[in-house]
Amino acid sequence: MLHNEARELLVQGYEATHDAKGIAKAYSVSKWTVYRLAEQKRKTGSVALRTSQRGRKPVLTAEDKANIQHCMDESPDITIEEIREKLHLSASYSTVERAIAAMGYTLKKKSLYASERDRVRCAGKAQRMEGNHKT
């Protein structure tokens, strides 16, 4: 990968000579790279690396995160699924969960129903265990 300074020199050399093959050989790149950088210079006026355009773009925008924060402040006992439904977010459960954790909030159980169900089942098991030990 060429650094910005080498890219600039490459394009200057090409504009002066129009010898893409010779410039490509001098900079150890393909002639198509020379053409591409010259085209980029014509279109944008720059041959700088475009690192801001790399990688996967975030699913949640800054506005989405602000809305999530507002929902959390408004009703602290709201679940992640309720947040997704209320704000009509297309982001996955875990994406919203990570955003909430990054804001400094601690997460509760996924749903109250699941925790109640587990407690009842555990309480029944404990009672059966006590009955077995008494005999």
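To keep things clear, this report deals only with the structure shown in the data block. A quick note: this is a predicted structure, and the numbers were derived from the prediction, not measured. (Residues numbered from 1 in each chain as written. Predicted model: local features only at pLDDT ≥ 70, side-chain atom pairs only at ≥ 80, totals over all residues. Heavy atoms only, no water.)

Examining the overall build of the chain
What counts, and what does not: A run of H or I in DSSP becomes a helix once it reaches four residues, and a run of E becomes a strand once it reaches two; helices and strands are each numbered from the N terminus. The buried label applies to any residue whose accessible area, calculated with a 1.4 Å probe on protein chains only, is under 20% of its type's maximum; exposed applies above 50%, and partly exposed to all values in between. The contact definition used throughout considers only heavy atoms, calling two residues in contact when any of these lie within 4.5 Å. Computed with the Shrake-Rupley method and a 1.4 Å probe, the accessible areas treat only the protein chains shown as cover for residues.
Looking only at helices and strands, the chain features 7 helices and 0 strands. The linear arrangement of helices and strands in the chain, starting from the amino end, is α-α-α-α-α-α-α. A burial count over the chain gives 23% of its 135 residues as buried. Considering only contacts in the chain between residues 6 or more positions apart, those separated by 24 or more positions represent 44%. Taken as a whole, the chain presents about 10,300 Å² of accessible surface, with 53% of it coming from carbon and sulfur.

So, helix 4 (residues 62-74)
The condition is simple: Between the first and last residue of a helix there are one fewer steps than residues, each counted as 1.5 Å, and that sum is the expected span. By definition, the arc is the one covered by directions from the helix axis to the C-beta atoms.
End to end, helix 4 covers 18 Å across 13 residues, agreeing with the expected 18 Å (1.5 Å per residue, within 8%). Looking only at helix 4, the buried set comprises Asp-64, Ile-68, Cys-71 and Met-72. One side of helix 4 carries all its buried residues, which in axial view fall inside an arc of 100°. Summarising the geometry of helix 4, the exposed residues directed more than 90 degrees from the buried face are Ala-62, Glu-63 and Asp-73. Buried residues in helix 4 make contact with helix 5 (80-87) and helix 6 (93-102).

Comments concerning the packing of aromatic side chains
Threshold: A pair of aromatic rings is counted whenever rings of Phe, Tyr or Trp (Trp by its six-membered ring) have centres within 6.5 Å, and the orientation is called stacked for planes under 30 degrees apart, edge-to-face for over 60 and tilted otherwise.
What the rule picks out here adds up to 2 aromatic pairs. Taken together, a centroid distance of 6.0 Å and an interplanar angle of 85° make the contact between Tyr-14 and Tyr-35 edge-to-face. One end of the pair, Tyr-14, is in helix 1 (residues 4-17); the other, Tyr-35, is in helix 3 (residues 31-44), with 21 residues separating them in the sequence. Relative to Tyr-35, the ring of Trp-32 lies with its centre 5.4 Å away and its plane at 55°, an arrangement referred to as tilted.

Considerations on unusual backbone geometry
We note that Ser-28 has phi near 55°; this positive angle belongs to a residue other than glycine. Summarising the element assignment, Ser-28 is placed in the loop between helix 2 (20-27) and helix 3. Non-glycine residue His-88 carries a positive phi angle of around 55°. Mapped onto the secondary structure, His-88 falls in the loop between helix 5 and helix 6.

The analysis is restricted to geometry; functional conclusions fall outside its scope.
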